[in-house]
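Observations on the three-dimensional arrangement
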Amino acid sequence: MPNNKKGPKKVMPGKAWEGRFTKPADPRAEDYTSSLAVDLCLLEYDIRGSQAHTRMLARCKILKPGEGRRILGGLDQVWAERKASRLKSCRQDEDVHMLVERRLHEIIGTVAGKLHTARSRNDQVVTDLKLYLRHEVAKIVQGLSGVQQALLKLAEKHMQWIMPGYTHLQVAQPVLLSHWLLAHLEAFSRDEKRFQQLLKGSLDELPLGAAALAGTSHPIDRQMTAKLLGFSRVTANSMDTVGDRDFVLEVLSSAAICGVHLSRLAEELVIFSSAEYSFLTVDQGFATGSSIMPQKRNPDIVELLRGRSGRLNGNLVTLLTVLKGLPLTYNRDLQEDKEPLFDSVNTLKQSFFILTPMLSSLRFNKMRMEEACGRGFPNATEAADHLVRQGVPFREAHAVVGRAVTAAAQKGLGLENLSLAEWRKFHPAFQPGIKQDVALSKAVSAKSSQGGTGPARVRAAVAQHRRRLFGGKKIKLLRPSGRRI
Ligand code: ARG
């Protein structure tokens, strides 16, 4: 390992806080408190934060120019070692921050100790987390766009196909398959907006400079650090800053809501791919077989999407529980924010990674969906609406058609098979147009209200989403520095 010849022999031999202690830590306590196994993924962000902090300290003349240069050079070397997988940790490295600082001491000697001027790990860790999240949330936004693009392409491919819409999982009214696809797309577009808001909101405020909890007596310039790291603003209150994990909760709750959407879509895909429905087929590449039943092709990938989204709820509840009842400012409990956060971020990214190609591979079965519309009287509301247009109050029309449905069901017929004479036995106001009104395609095309399944409305929605999702506007991926890549 390279070492600095000019540095003193004994560099940072023990803990950063050893001056106050007369005996070494119990190794069991060290293992118990260490978060290195979890927070090592913050190393890049820790170094970027330290680089900006060093530059600011030098510009504010808190560090001499030579000191600043040596620290920056040392940080570069730590990062180079990490990239080359040569950065070794040791037991005294309690977390990623101490690992970087210990190695920096080894490389540049005691001047490394000046890096922590006007800074505490309490504001450092929040800064690292925000830098990490600015990068990861941008990736999540990208993933959500991919899912929406796949759904949109399916909608465009099956514009006029009709399927039954369900309430209570009972056939309700016919809808366009494209309308169903766009319904799921809408949920993911809300998720996208929610995550984008975070990038402009709490993730755009710099915590660094709050120090341990009270701020610092050194003449720092927080605005300068914010600018160097790509934040628009600085946080307002130092005590709040070091204890605040709302931004983590916001990410976790947005992830949990998105998980609800993922699992509701997955659930419908499981149901609709069963032999009983056969509305769609999940490509073999995204299915698995059975070790005992030779005939099986199971939608395990979709089921895992549904199952894994449970973690997203769990992670949110975990952190809510950790935070509830904590006194203000930093408490070590806060270290427990990382595992749930990293797990939710990774779970979401993996979900989008598998869902997008799996959606693109779906095959829909037009005949099966239309057949299903023939069962369960999805056009009954159309018959009632026909009477309403003749001036019959809706409640009366509802009862009349209910009786017609009972009679048709007894004969094993659909409402579309009834003659005008038969309709008139139930109510004299039925007109010859009833035949047309209960036809499947008319039932769909008649739903021309804004947001409805009428083809013109769906076409307009598709065009709008196409402009948004394929309009040539690239999603910004922010590097931790804030610069676009
Ligand atoms: N590893 C800690 C965390 O993630 C670092 C924060 C500072 N620790 C401390 N004892 N003040 O929360």
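Conventions used here
- Residues numbered from 1 in each chain as written.
- Predicted model: local features only at pLDDT ≥ 70, side-chain atom pairs only at ≥ 80, totals over all residues.
- Heavy atoms only, no water.
- Core = buried A, V, L, I, M, F, W, Y, C linked by side-chain atoms within 4.5 Å.
- Buried < 20%, exposed > 50% of the residue type's maximum accessible area, 1.4 Å probe, protein only.
- Helix = DSSP H or I, 4+ residues; strand = E, 2+ residues; numbered from the N terminus.
- Contact = heavy atoms within 4.5 Å.
- pLDDT = per-residue confidence, 0-100.
- Phe/Tyr/Trp six-rings, centres within 6.5 Å; stacked < 30°, edge-to-face > 60°.
- Lys NZ or Arg CZ within 6 Å of the ring centre and 35° of its normal.
- Salt bridge = Lys/Arg side-chain N within 4 Å of Asp/Glu carboxyl O.
- Patch = residues over 30% accessible without salt bridge, like charges linked within 9 Å, V, L, I, M, F, W, Y side chains within 5 Å.
- Areas by Shrake-Rupley, 256 points an atom, 1.4 Å probe, with all protein chains shown as cover.
- Near = heavy atom within 4 Å.
- Polar contact = N/O pair within 3.5 Å; in protein donor to acceptor, adjacent residues only side chain to side chain.
- Nonpolar A, V, L, I, M, F, W, Y, C, P; charged D, E, K, R; others polar.
- Pairing = 2+ DSSP bridges.
- Axes fitted to C-alpha atoms, helices over the stretch in contact; angles between N-to-C directions.
- Parallel < 35°, antiparallel > 145°, perpendicular 65-115°, else oblique.
- Left-handed = near helix turned anticlockwise from the far one by under 90°.

**Description of the nonpolar core**
- Within the largest apolar cluster, 106 residues are counted, with the highest numbers of intra-cluster contacts made by F195, L341 and L359.
- With 16 residues, helix α6 (residues 121-157) is the single largest residue contributor to this core.
- Excluding anything up to four places from it in sequence, L359 contacts V147, A150, L151, L154, L265 and L269.
- One finds A397, V400, A404 and V405 within the second-largest nonpolar core, a separate group that totals 19 residues.

**Considering the confidence of the model for the protein chain**
- Here the protein chain averages 92 in pLDDT, while 94% of its residues score no lower than 70.
- Every residue in residues 1-11 scores below 50 in pLDDT, and together they form 19 contacts with partners more than four places removed in sequence or on other chains.
- Across residues 477-485, where pLDDT falls below 50, the model places 29 contacts with residues more than four positions away in sequence or in other chains.

**Some thoughts on the packing of aromatic side chains**
- The final tally for this structure, using the stated rule, is 9 aromatic pairs.
- Between W180 and F272, the ring centres sit 5.6 Å apart and the planes meet at 55 degrees, which makes this aromatic pair tilted. You can see W180 sitting in helix α7 (residues 177-200) and its partner F272 sitting in helix α10 (residues 246-272), a full 92 residues away along the chain.
- A cation over an aromatic ring shows up here: R134 above the ring of F231, its NZ or CZ 4.5 Å from the ring centre.
- Above the ring of F470, the side-chain terminus of R466 is found at 4.4 Å from the ring centroid.

**Quick look at the pattern of salt bridges**
- Per the counting criterion, the structure on display carries 29 salt bridges.
- Across the pair K349 and E136 runs a salt bridge, and its minimum N-O distance is 2.5 Å. Here K349 is found in helix α12 (residues 338-360), whereas its partner E136 is found in helix α6, with 213 residues between them in sequence.
- On the accessibility criterion, E136 (6% relative accessible area) is buried.

**A short note on a nonpolar patch on the surface**
- Taken together, the side chains of L213, M239 and L328 present a nonpolar region at the surface, about 280 Å² in accessible area.
- Secondary-structure assignment places M239 in helix α9 (residues 238-243).

**Re the environment of L415**
- With respect to the helices, strands and loops of the structure, L415 is situated in the loop between α15 (394-411) and α16 (420-426).
- For the pair L415 and K366, spaced 49 residues apart in the sequence, the C-alpha separation amounts to 21 Å.
- When residues no more than four places from it in sequence are discounted, the contact partners of L415 are F377, N379, A380, V401, A404, V405, A408, W423 and V438.

**Regarding the site of the ligand**
- In the region of the ligand, the neighbouring residues are S35, D95, R121, N122, V125, Y330, R332, Q335 and K338.
- One of the side-chain N or O atoms of D95 is found 2.8 Å from a nitrogen atom in the ligand.
- Within the side chain of Q335, an N or O atom sits 2.8 Å from a nitrogen atom of the ligand.
- Considering the ligand on its own, with 340 Å² of exposed area, one finds that the protein chains cover 87% of that surface.
- Along the lines of polarity and charge, the residues of the shell around the ligand split into 2 nonpolar, 3 polar and 4 charged.

**A few points about the pairing of strand β2 (residues 170-176)**
- Pairing analysis gives 6 bridges linking strand β1 (residues 162-167) to β2, with the strands arranged antiparallel. If you follow P164 over to β2, its bridge partner there is P174.
- Hairpin geometry of β1 and β2 is characterised by an intervening segment of 2 residues between the two adjacent antiparallel strands and by a positive phi of about 55 degrees at H168.

**Some details on unusual backbone geometry**
- One non-glycine residue, H168, adopts positive backbone phi at about 55 degrees.
- If you trace the backbone, H168 turns up in the loop between β1 and β2.
- Unlike most non-glycine residues, T329 shows phi in positive territory, near 65 degrees.
- For T329, the location among the structural elements is in the loop between α11 (300-323) and α12.

**Examining the packing of helix α3 (residues 43-59) against helix α5 (residues 96-108)**
- Packing of α3 against α5 leaves a shortest axis separation of 10 Å and a crossing angle of 60 degrees. By the angle between their axes, α3 is oblique relative to α5. You can see that α3 and α5 cross each other, and the crossing is right-handed. Mapping the contact onto sequence places L43, D46 and I47 in α3 and V96, H97, L99 and V100 in α5.
- A breakdown of the residues in the contact of α3 with α5 according to their chemical character gives 5 nonpolar, 1 polar and 1 charged.

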